[in-house]
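Structure at a glance
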Amino acid sequence: PAALRPRHLRSVLLADHLAQLLHAQGVGVRLVPALSEERSWDILRQLRIDWPSSSSASSLADAVSALKGVLGRCPCAAACEQGPGTAEGVVCKVQLKSFVEQQGLLGYDPNLDALLVTEGTLLSLAELQEAVLQCSVSDPTAPCASCFQSSSCCSIVHVVNCEEEFQQQQLDVLWRILDPGAHTALQKHLVCGPVKVTNPSSPIEADEYFQLRKRQMYEASVMKYGELAQDEAWTEVIDTLTVAAIRFEMLSTAHRSQITLDLENNGISTKGTKSGAFVMYNCARLATLFNTFHQAVERGTYPPLPPVSELNFSCLREEGEWLLLFNYLLPFPEVLQQAAQLPPPSKGIRITANTETICKFLIQLSMDFSSYYNRVHILGEPFPHLYDQMFARLQLLGALRDVFHNALATLHLPPLSQI
């Protein structure tokens, strides 16, 4: 798009998160299209999105020429007369509807009809083809994505906002026509629901949305922490909290559902239990706990944490401790695996994914950890008869810290050492 808007941001954040989840399961992922607009690239960098920058059009010239050659021989394509109303760069007209009907393809918009193919359209297809080629060549032994039951190890998922689903379906069908391979037959669409923005003075762009949330996070931090939050050292903390707030705002809702962004000043908070800032705060509490413990060990207040084999876990008698173990520590690997699942649809081209799973898991984990941490004193008096319980609790919370870190990594969020 000419300008990235919040609806585009939702699709990109979702694709980025899904790519990280698939990487964690050992699946190779290629993201396309590459970004060309400098402003778009800058906002994604600020949001810690690892997206490829622009491919050189010249490097894809041969692929575009080859696609033009296929078009010239395609029975669905016809020359397009250049008139006053014809868009610039139109190569030909392709009848998509007849192809969909002939192939018996299900799930496509019934309004798909004739498509005016432009140089830009062919460039997008060339990028997709290059990504498929790189997937096949760079890692031929990579495990297949769990998306589809197929012998092919390359599946294509179009992550798109609902307002542009029609255009993406056009690209999908055109690619099937020009490249009738197994990979094009496996194309599926993961559609994001609308993003409704309240109180906009004008249509807001993604970078304006980011700057607004950053300013609100700064003001909320000053209100909570006072002059400390105005220190230069807090700049990175506030940047990270802003990214967390936006990612949780965009990803904690099921991708099919509408998101409503409240752009008023009360739209963001460091206190709300459902916010990214709340999750980051609780992760930082764990970092502070272990820093305090290690400093006490260095001063000789406590002995070092013994090996796991020497710990007495029968000292964990609090209900909250078992809740953390059974609801979060033990099921976490399965939670990661389920979040990366892309089950094939019974029919049609739309798929659904549990892309909200990790955010919801982290929010609930933070609420239960916060409740436990506020109730239980971890670092007690330095008396030997209390060490068994303290060490068992530290081991439990050390494992919980690893869960926080690994889950946040799928969101490209670095854990904060303090807030």
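Scroll up a little and you will see the structure.
A brief look at the structure comes next. Residue positions are given per chain, counting from 1 as you read along its sequence in written order. Given that the model is predicted, a residue must reach a pLDDT of at least 70 before its local features are reported, and side-chain atom pairs must reach 80 or more before they are shown or counted; all residues, however, enter totals for whole chains, interfaces and linings. Hydrogen atoms and water are omitted, and side-chain values are computed over all heavy atoms in the structure.

Points about the packing of aromatic side chains
Put simply, two rings from Phe, Tyr or Trp (the six-membered ring, in Trp's case) pair if the centres are within 6.5 Å, and we call them stacked under 30 degrees between planes, edge-to-face over 60, tilted for the rest. The full count for this structure, using the stated rule, is 9 aromatic pairs. Plain terms: the ring middles of Y328 and F361 are 5.5 Å apart, the flat faces sit at 70° to each other, and that makes the pair edge-to-face. Of the two residues, Y328 is situated in helix α11 (residues 319-329) and F361 in helix α13 (residues 357-375); the sequence distance between them amounts to 33 residues. Only protein chains enter the area calculation, which uses a 1.4 Å probe; residues under 20% of their type maximum are buried, those over 50% are exposed, and those in between are partly exposed. Since its relative accessible area comes to 4%, Y328 is described here as buried. Through a chain of ring-to-ring contacts, three or more aromatic side chains come together here, namely F293, Y302, Y387 and F391. Placement of a positive charge over a ring is assigned whenever Lys NZ or Arg CZ falls within 6 Å of the ring centre and within 35 degrees of the normal to the ring plane. Note that R401 overlies the ring of F290, its terminal NZ or CZ placed 4.2 Å from the centroid. The helix and strand labels rest on DSSP assignments: H or I over at least four residues marks a helix, E over at least two residues marks a strand, and numbering proceeds from the N terminus.

Side note on the packing of α11 against helix α14 (residues 384-409)
At a minimum axis separation of 11 Å, α11 and α14 run at an interaxial angle of 30°. Between α11 and α14, the crossing angle belongs to the class labelled roughly parallel. With respect to the hand of their crossing, α11 and α14 are arranged in left-handed fashion. Contact residues: E321, L324, L325, Y328 and L329 in α11; R393, L396, L397, A399, L400 and V403 in α14. Here the nonpolar group is Ala, Val, Leu, Ile, Met, Phe, Trp, Tyr, Cys and Pro; Asp, Glu, Lys and Arg are the charged ones; every other residue, Gly included, is treated as polar. Looking at side-chain class alone, the contact of α11 with α14 contains 9 nonpolar, no polar and 2 charged residues. Under this scheme, a helix contributes an axis fitted over its contacting stretch, all axes are lines through C-alpha atoms, and angles between N-to-C directions fall in the 0 to 180 degree range. Oblique is the label for any angle not covered by the other classes, which are roughly parallel (under 35 degrees), roughly antiparallel (over 145) and roughly perpendicular (65 to 115). Note on convention: near helix rotated counterclockwise from far helix by under a right angle means a left-handed crossing. Clockwise means right-handed. When checking whether two residues touch, look at their non-hydrogen atoms; a contact exists if any pair is within 4.5 Å.

Focus: the side chain of E321
Relative to the assigned elements, E321 resides in helix α11. A polar atom in the side chain of E321 sits 3.1 Å from the backbone nitrogen of R317. Leaving out residues up to four positions away in the same chain, E321 has contacts with L316, Y372, R393 and L396. Within 3.5 Å is the distance limit for a polar contact, defined as a pair of N or O atoms, with the added protein rule that one can donate a hydrogen and the other accept it, and that residues adjacent in sequence qualify only through two side-chain atoms.

A closer look at the state of the cysteines
Two cysteine sulfurs form a disulfide in these notes if their separation is within 2.5 Å. Applying the stated rule across the entire model yields 0 disulfides. Free of any disulfide, C92 has its nearest neighbouring cysteine sulfur in C74, separated by 7.8 Å.

Let's talk about the nonpolar core
Judged by nonpolar contacts, the single largest core of 91 residues is most densely connected at L44, M250, I358, L362, L365, L394 and L397. Contact partners of L397, with chain neighbours within four places excluded, come to L286, L289, F290, L324, F369, Y372 and I378. Grouping buried Ala, Val, Leu, Ile, Met, Phe, Trp, Tyr and Cys residues that are joined through side-chain atoms within 4.5 Å yields what is termed a nonpolar core. Counting residues in each nonpolar core, the second largest holds 30 residues, with L60, L71, C154 and I349 among its members.

Some words on the environment of C74
Within the secondary structure layout, C74 lies in the loop between α3 (61-73) and β1 (77-78). Between the alpha carbons of C74 and V94 there is a distance of 8.7 Å; along the sequence they are 20 residues apart.

Brief notes about a nonpolar patch on the surface
Two distance rules govern patches: like charges are joined within 9 Å, and nonpolar side chains (Val, Leu, Ile, Met, Phe, Trp, Tyr) within 5 Å, applied only to residues with over 30% relative accessible area and no salt bridge. Accessible surface area values rest on a Shrake-Rupley calculation with a 1.4 Å probe, where residue burial reflects the displayed protein chains alone. Counted as salt bridges are all cases of a side-chain nitrogen of Lys or Arg within 4 Å of a carboxyl oxygen of Asp or Glu. A contiguous nonpolar surface patch, about 330 Å² in accessible area, is contributed by W322, F326 and L330. For W322, the location among the structural elements is in helix α11.

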